[in-house]
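The residues making up each chain are set out below.
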Amino acid sequence: MTDCYLDEGVYFPGGNAVNVAVNCKKNGAEKVNYIGIFGDDERADYIKECLKEEGVEFVRSRSVHAHTAQPRVCLKDGDRVFAAGPRDSCQHLFAIRIVDEDMELIREFDICHTSCFSNLEYELPALAGLCQVSFDFSERREDEYLERTCPYLTFAFFSGSDLEEEECRELLKKVHGLGTRIVGITRGSKGAVFYDGDRIYHQGIKKVEAVDTMGAGDSFIAGFLTAYGDGKSMEEALDYAAGRSALTCLVRGGFGHPHQA
């Protein structure tokens, strides 16, 4: 998708899975491959160019006859405020069906990341048989949804700036009890809280003069997955993730690459 900044008349490549993929590569991941759905417009072509520049492969991605999703973004005090873009984009009309060729590729990797925005819930059992699965729930916390997804996950991430400390603890333990090994909640300026079944970890923010918070949560996820996947401790991985998230706040868009709208 492309995040369209109305105040500047530019758009940026983005989307949760794309942002995580690019940031994992920036963090030093040896190999990163994005499997997604591209439209057939110039915005889709531009996203592909940006992925190539960032060293992210996208073999096995699909191309369909539809336009790229274009959510509109206004900035208020450095924070992002979204408005809906044109309807019937490729991201809204289509979902990927994982086939044997996809499985052969995914099996080569340590971690597969997806999210509640990717329409892949029905493929989680298959993915869990191939590698560790990471999932961003954003603000989705319904019991039925958690019961459907959490048994197949290694890592689960939630956005929870609206949650009190005790509510965070309850959610962390509920998700872990459903089968997810490591559960984290990012809380904006309140930092993050994580649980691995043994103890609860708190991670504060790295203070910067933010120009744009777009993609900060995604870069936190990428930072944690890269560091923890490389064998760092929970404390080291969380500290690294907070630092990478802070750096993203100094860049316009999820990972830069502005394009005139």
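Enquirer: Can you help me understand the nonpolar core in this one?
Expert: Most often, soluble globular proteins keep nonpolar side chains buried together rather than apart. Counting 35 residues, the largest nonpolar core has Leu 51, Phe 194 and Phe 224 as its most contacted members. Taken together, the elements giving at least two residues each to this core come down to helix H1 (16-26), helix H2 (42-54), strand E9 (155-159), strand E11 (192-195), helix H8 (216-229) and helix H9 (234-248). Setting aside chain neighbours within four positions, we find Leu 51 in contact with Val 18, Val 22, Tyr 34, Phe 38, Val 56 and Phe 58. Counting residues in hydrophobic clusters, the runner-up holds 26 residues, among them Leu 130, Val 133, Leu 146 and Leu 171.

Enquirer: I would appreciate a short explanation of H8 in the present structure.
Expert: Along an α-helix, residues three or four positions apart point the same way, because every turn accommodates 3.6 residues. Helix length check: H8 (14 residues) gives 20 Å between terminal C-alpha atoms against 20 Å at 1.5 Å per residue, within 8%. The element H8 is largely enclosed, with a buried count of eleven among its 14 residues. Among the residues making up H8, those that are buried are Ala 216, Asp 218, Ser 219, Phe 220, Ile 221, Ala 222, Gly 223, Phe 224, Leu 225, Thr 226 and Ala 227.

Enquirer: Please explain the sheet that holds E9 as it appears in this structure.
Expert: Whether parallel or antiparallel, the strands of a sheet pair through hydrogen bonds between backbone atoms. Taken together, the six strands give an open sheet; going across it, the order is E7-E8-E9-E10-E11-E12, and neighbouring strands pair in mixed fashion. In the strand order of this sheet, the two ends are held by strand E7 (111-115) and strand E12 (200-203), each with one partner. Across this sheet, the average inter-strand angle for adjacent strands is 15°, counted without regard to direction. Pairing analysis gives four bridges linking strand E8 (residues 132-138) to E9, with the strands arranged parallel. Looking across to E9, one finds that Phe 135 is bridged to Ala 156. Running at roughly 150° to E7, H1 makes contact with E7 and E8 of the sheet. Taken strand by strand, H9 contacts strand E10 (182-186), E11 and E12, and its axis lies near 30° from that of E12.

Enquirer: Would you mind showing me how to read the pairing of E8 here?
Expert: Consecutive side chains along a regular strand alternate between the two faces of the sheet. The buried fraction of E8 is high, at six of seven residues. Two strands pair when backbone bridges link them, and E7 and E8 are joined in this way by five bridges, in the parallel orientation. Residue pairing for E8: His 113 is matched across the bridge by Ser 134. Handedness of the E8-helix H6 (residues 143-149)-E9 crossover: right-handed.

Enquirer: Any chance you could explain the pattern of salt bridges here in plain terms?
Expert: Once the charged atoms of two side chains with opposite charge are near each other, the side chains can pair. What the rule picks out here adds up to 13 salt bridges. Among the salt bridges present, the one from Glu 108 reaches Lys 31, with a minimum N-O distance of 3.8 Å. On the criterion of sequence distance, the pair formed by Glu 108 in the loop between helix H4 (100-106) and E7 and Lys 31 in the loop between H1 and strand E3 (37-38) is long-range, its members being 77 residues apart. Given the relative accessible area of 40%, Lys 31 is considered partly exposed. In this structure, Asp 162 engages Arg 141 in a salt bridge whose closest nitrogen and oxygen atoms are separated by 2.8 Å. Residue Asp 162 is found in the loop between E9 and helix H7 (165-177), and its partner Arg 141 is found in the loop between E8 and H6; the two are separated by 21 residues along the sequence.

Cut-off values and rules
- Chains are numbered independently. Their residues run from 1 in the order of the written sequence.
- Confidence filtering applies because this is a predicted model: local features only for residues at pLDDT of at least 70, side-chain atom pairs given and counted only at 80 or more, and all residues used for totals across whole chains, interfaces and linings.
- Side-chain numbers here rest on the full set of heavy atoms in the structure, without hydrogens or water.
- As used here, the term nonpolar core means buried Ala, Val, Leu, Ile, Met, Phe, Trp, Tyr and Cys residues forming a set that is joined through side-chain atoms within 4.5 Å.
- A 1.4 Å probe rolled over the protein chains alone gives each residue an accessible area, and that area as a share of the maximum for its type sets the label: buried under 20%, exposed over 50%, partly exposed in between.
- Under the DSSP-based scheme used, a helix requires at least four consecutive residues in state H or I and a strand at least two consecutive residues in state E, with every element numbered from the N terminus.
- Working rule for contacts: check all heavy atoms of both residues, and any pair within 4.5 Å makes them a contact.
- The span one expects for a helix is its residue count, reduced by one, times 1.5 Å.
- A pair of strands counts as paired when DSSP detects no fewer than two bridges linking them.
- With axes taken as lines fitted to C-alpha atoms, and helix axes fitted only over the stretch in contact, angles between N-to-C directions fall between 0 and 180 degrees.
- Consider the strands pointing away from the viewer: the crossover is right-handed when the path from the first strand over the helix to the second runs clockwise.
- A carboxyl oxygen of Asp or Glu within 4 Å of a side-chain nitrogen of Lys or Arg is what we treat as a salt bridge.

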